[in-house]
Amino acid sequence: MDLEGVIHDNPIKRDSWKTLLTLAYQSLGVVYGDLSTSPLYVYKSTFAEDIQHSETNEEIYGVLSFVFWTLTLIPLVKYVFIVLRADDNGEGGTFALYSLLCRHARVSSIPNCQVADEELSEYKKDGSMSNYKSGNGSSLKSTLEKCRVLQRMLLVLSLIGTCMVIGDGVLTPAISVFSAVSGLELSMSKEQHQCSEAMFADLGHFSQLSIKIAFTFVVYPSLILAYMGQAAYLSKHHINETDYQIGFYVSVPEKIRWPVLAVAILAAVVGSQAIITGTFSIIKQCSALGCFPKVKIVHTSSKIHGQIYIPEVNWILMLLCLAVTIGFRNTKHMGNAAGLAVVTVMLVTTCLMSLVMVLCWHKNVFLAICFIFFFGSIEALYFSASLIKFLEGAWVPIALSFIFLVVMYVWHYGTLKKYEADVQNKVSINWLLSLGPSLGIVRVRGIGLIHTELVSGIPAIFSHFVTNLPAFHQVVVFLCIKSVAVPHVRPEERFLVGRVGPKEYRLYRCIARYGYRDIHKDDVEFEKDLVCSIAEFIRSEKPECNMGIEDLRDEEKMTVVGTSSSNFEGIKLCEDDAYSSDMVGTSKMREMQSPKRARKRVRFIVPESPHIDREVKEELQELMEAREAGMAFILGHSYVRAKRGSSWMKKVVINYGYDFLRKNSRGPTYALSIPHASTLEVGMVYFV
């Protein structure tokens, strides 16, 4: 059976639809749980204590009309049919929109961008970084790329939206559960849109089509029917009865009232998880792109990639949620707070979406203006209504967002200054050439793996190390773990490998590229992939790529090398405890092995080729010997301090704020399980 027949076979289609409908079913609780509980309290909070007695029921029908058009225009039209299309390769959220803009226009403040990153498949998939020949889109793109102030404003706007999502994650759990239990009053803006934004942030956990199916065919009609049913009940009883109550539960028959209450409470609990899950996702994105301190990220599923858990953030959300609940003890005030948070995020999304339409979708500027005017005007009304309640609880999300915004911006600012200091203090290639092939010291067996943030040049910690110690390893690798503005990097595009200095120096640069949603492998697997990528680079290196003395200034000559699992025709690494074990062979592979003098034998399984150059063979042999001897990890720690004459604000931010966050954040993910005996830390202090 050929591959074409397999792909188009009916059972495959049935399985894909089964998976799609399963995701749509699962999204009902995770994405729409809290929005689905809104009928519990909307009418009660709207009419407060009483409905003005009238034969025409104008008030009731007016509220129903308001609810209908709000649900139709904001969640259905804006989010389901427009905003969900702006996914970042399957990922959603405020920062995913910012990532899209960073890819299509050079507005990212992260300075380690490379031309080679623009060749990634994820960049090319939707025509990223394409040049505009004419039109308003070209001038807008050019203006954003040239104006640093606009770039910072765009970053701050994205951070504000992110901080409001985090603040909403503090307020939502308590409000949802309280509303399910008692149906007490909440502000109108909170009631209608709690999950406009949760469905977008949780997009990475499901598929775009599954969310559209769930909302369009289940959630939306169910909500409309629930509101229409309550309106019908109120329109009848407020006229015929003098003693009536306003609320969801009074319209439910007494025989099924308790089961409905139980279901409502469970729905509120599940719905609270929606915004918490979205908070985890968006914090992971910010952390990967250098806008949030490093935190521990636990992947709770080995099969479903998007399911993550962040212990530190979960504890912080719990403590803040308890503090808000104990402090307010009033769901009305908490509703005012959550309303402002949600509406602010919606406004930020509208602003970013207008830029996405022009820069990413290449739409006419007039269409983007119409989008921001239509939806922005509606959301501005909600925003003004929520802002009026500032003293009645709406100040809470502003305070929470301000704290998170300060943390995120201080971390981003300190990280940027540290990287700029690393670039300014990197060592020139002339200094390396003056040392000679021995680097002016004794070369000992093994691989020295130097972690650096630099993507070019020789880090200052290397010169600091070799100046103060009499020996270094026979193979030196400058390793940069780099996050790029895409959610995923394919395994076959993981590594960029190149040389530092002449061939006989045995100095290599390896840049491991990860998307902000990628999983970092453990140290053992990562070490194997790293060595195999260098070996494959040595084997496949073209003679014209060997840099001479006159070409050493050009360090952009890097080769894309995949992981060992993705490169089926590349070099494989094999370790055996006994030398008598033989490779179960294949006629197209041959084995290179190191001398038998260590406890383990390291073997490179090299693809059969017509000819392997003698120098290449010697270099591979030396790499195997170094790998067999062991690998030492040199972790550079660059500490930044504000230089003399700096403003007091800069001194506070750098010397206290960033230093505190750095000490209390996690180190590189891959270095967490490295044995301490194999690790050496080299510290340097930069005055910025």
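It should be noted that the structure appears before, not after, this text.
As the structure is a computational prediction, the values presented were derived from the model and not from experiment.

K.L.:
Help me get a handle on the overall build of the protein, residues and values and all.
P.N.:
Helix and strand counts for the protein come out as 21 helices and 12 strands. Within the protein, buried positions represent 52% of all 688 residues. Looking at the protein alone, contacts between residues at least 24 apart form 81% of all its contacts between residues at least 6 apart. A total accessible area of about 31,600 Å² is found for the protein, and carbon and sulfur atoms account for 60% of it.

K.L.:
Give a detailed account of empty space enclosed by the protein, specifying residues and quantitative values.
P.N.:
One pass over the structure, following the stated rule, counts two cavities of 30 Å³ or more. Estimated volume of the second largest cavity: approximately 40 Å³. Contributing to the lining of the second largest cavity are I166, I283, F292, V313, I316, L317 and F404. With three residues, helix α13 (residues 311–328) is the largest single contributor of residues to the lining of the second largest cavity. Class assignment of the residues belonging to the lining of the second largest cavity gives a composition of seven nonpolar, no polar and no charged.

K.L.:
With reference to specific residues and values, describe the pattern of salt bridges.
P.N.:
Evaluated as defined, the whole model comprises 13 salt bridges. For the salt bridge of E379 with K78, the shortest nitrogen-to-oxygen distance reads 2.4 Å. Taken together, the residues span a long stretch of sequence, with E379 in helix α15 (residues 365–387) and K78 in helix α4 (residues 58–80) at a distance of 301 residues. The class for E379 is buried, based on a relative accessible area of 0%. Residue classification places K78 among the buried residues on the basis of a relative accessible area of 0%. In this structure, the salt-bridge partner of D659 is R662, at a minimum N-O distance of 2.8 Å. Pair noted here: D659 and R662 are both in helix α21 (residues 648–663), with a separation of three residues, about one helical turn. Classification of D659 by relative accessible area gives buried; the value is 9%.

K.L.:
So what about the state of the cysteines? Which residues, and what values?
P.N.:
Taken as a whole and judged by the stated rule, the model has zero disulfides. The thiol sulfur of C360 is not disulfide-bonded, and the nearest other cysteine sulfur, from C102, lies at 9.7 Å. Residue C360 is classed as buried on the basis of its relative accessible area of 8%.

K.L.:
I'd love a proper account of helix α18 (residues 460–468), names of residues and values included.
P.N.:
By the burial criterion, the buried members of α18 are A460, I461, F462, S463, F465 and V466. Close packing links the buried residues of α18 with α17 (429–435), β3 (442–451), β4 (471–484), β11 (631–641) and β12 (679–687).

K.L.:
Which residues make up the environment of G498, and what are the values?
P.N.:
Here G498 lies in strand β5 (residues 495–499). Considered as a pair, G498 and I534 are 36 residues apart in the sequence and their alpha carbons are 8.4 Å apart. The contact partners of G498, leaving out residues within four places of it in the chain, are L507, Y508, R509, F537, K557 and M558.

K.L.:
Lay out the nonpolar core in plain terms, naming residues and giving numbers.
P.N.:
Among the nonpolar cores identified, the biggest contains 70 residues, and F95, L101, L171, I283, V324, M353 and V396 are the most heavily contacted of them. Counting only elements with at least two residues in this core, the list comes to α4, α5 (94–104), α8 (148–182), α12 (257–288), α13, α14 (331–359), α15 and α16 (395–424). With 15 residues, α14 is the largest single contributor of residues to this core. Setting aside its immediate chain neighbours within four residues, F95 contacts S158, L159, T162, I282, Q285, C286, L289 and C291. By size, the runner-up hydrophobic cluster in this structure holds 33 residues, among which are V475, A512, L573 and V616.

K.L.:
Could you give me a rundown of the pairing of β4, with the residues and numbers involved?
P.N.:
β4 sits mainly inside the fold: 12 of its 14 residues count as buried. Here β3 runs beside β4; their pairing, made up of eight bridges, is parallel. What sits directly across from G448, in β4, is V476. Here β4 runs beside strand β6 (residues 507–515); their pairing, made up of nine bridges, is parallel. Bridging from a neighbouring strand, L479 pairs with C510 of β6.

K.L.:
An account of unusual backbone geometry is requested, with residue identities and associated values reported.
P.N.:
Located in the positive-phi region is H362, a residue other than glycine, with phi close to 60°. Among the structural elements, H362 can be located in the loop between α14 and α15. Of note in this structure, R506 is not a glycine but carries a positive phi near 60°. Mapped onto the elements of the fold, R506 is located in the loop between β5 and β6.

K.L.:
Could you give me a rundown of the sheet that holds β6, with the residues and numbers involved?
P.N.:
Spatially, the seven strands line up as an open sheet ordered β7-β5-β6-β4-β3-β11-β12, and their pairing is mixed. The sheet terminates laterally at β7 (559–561) and β12, the two strands that pair on one side only. Looking at each pair of strands side by side, their axes are set apart by 25° on average, direction ignored.

K.L.:
Give a detailed account of the packing of aromatic side chains, specifying residues and quantitative values.
P.N.:
Applying the stated criterion to the full structure yields 11 aromatic pairs. Considering the side-chain rings of F66 and Y382, the 6.2 Å spacing of their centres and the 55° angle between planes classify their relative orientation as tilted. With a gap of 316 residues between them, F66 in helix α4 and Y382 in helix α15 connect regions that are remote in the sequence. Using a relative accessible area of 37% as the deciding quantity, one classes F66 as partly exposed. Residue classification places Y382 among the buried positions, given a relative accessible area of 8%. Relative to W395, the ring of F328 lies with its centre 6.2 Å away and its plane at 70°, an arrangement referred to as edge-to-face. Within this pair, whereas F328 is found in helix α13, its partner W395 is found in helix α16, the two being separated by 67 residues in sequence. Among the residues examined, W395 registers a relative accessible area of 40% and is labelled partly exposed. Taken together, the ring pairs connect F371, F374 and F375 into an aromatic cluster.

The rules behind each value
- Residues numbered from 1 in each chain as written.
- Predicted model: local features only at pLDDT ≥ 70, side-chain atom pairs only at ≥ 80, totals over all residues.
- Heavy atoms only, no water.
- Helix = DSSP H or I, 4+ residues; strand = E, 2+ residues; numbered from the N terminus.
- Buried < 20%, exposed > 50% of the residue type's maximum accessible area, 1.4 Å probe, protein only.
- Contact = heavy atoms within 4.5 Å.
- Areas by Shrake-Rupley, 256 points an atom, 1.4 Å probe, with all protein chains shown as cover.
- 1 Å grid on protein atoms, 1.4 Å probe; cavity = no way out; pocket = protein on both sides within 12 Å on 5 of 7 lines; lining within 4 Å.
- Points joined across faces, edges and corners; volume = space filled by probe spheres on them.
- Nonpolar A, V, L, I, M, F, W, Y, C, P; charged D, E, K, R; others polar.
- Salt bridge = Lys/Arg side-chain N within 4 Å of Asp/Glu carboxyl O.
- Disulfide = S-S within 2.5 Å.
- Core = buried A, V, L, I, M, F, W, Y, C linked by side-chain atoms within 4.5 Å.
- Pairing = 2+ DSSP bridges.
- Axes fitted to C-alpha atoms, helices over the stretch in contact; angles between N-to-C directions.
- Phe/Tyr/Trp six-rings, centres within 6.5 Å; stacked < 30°, edge-to-face > 60°.

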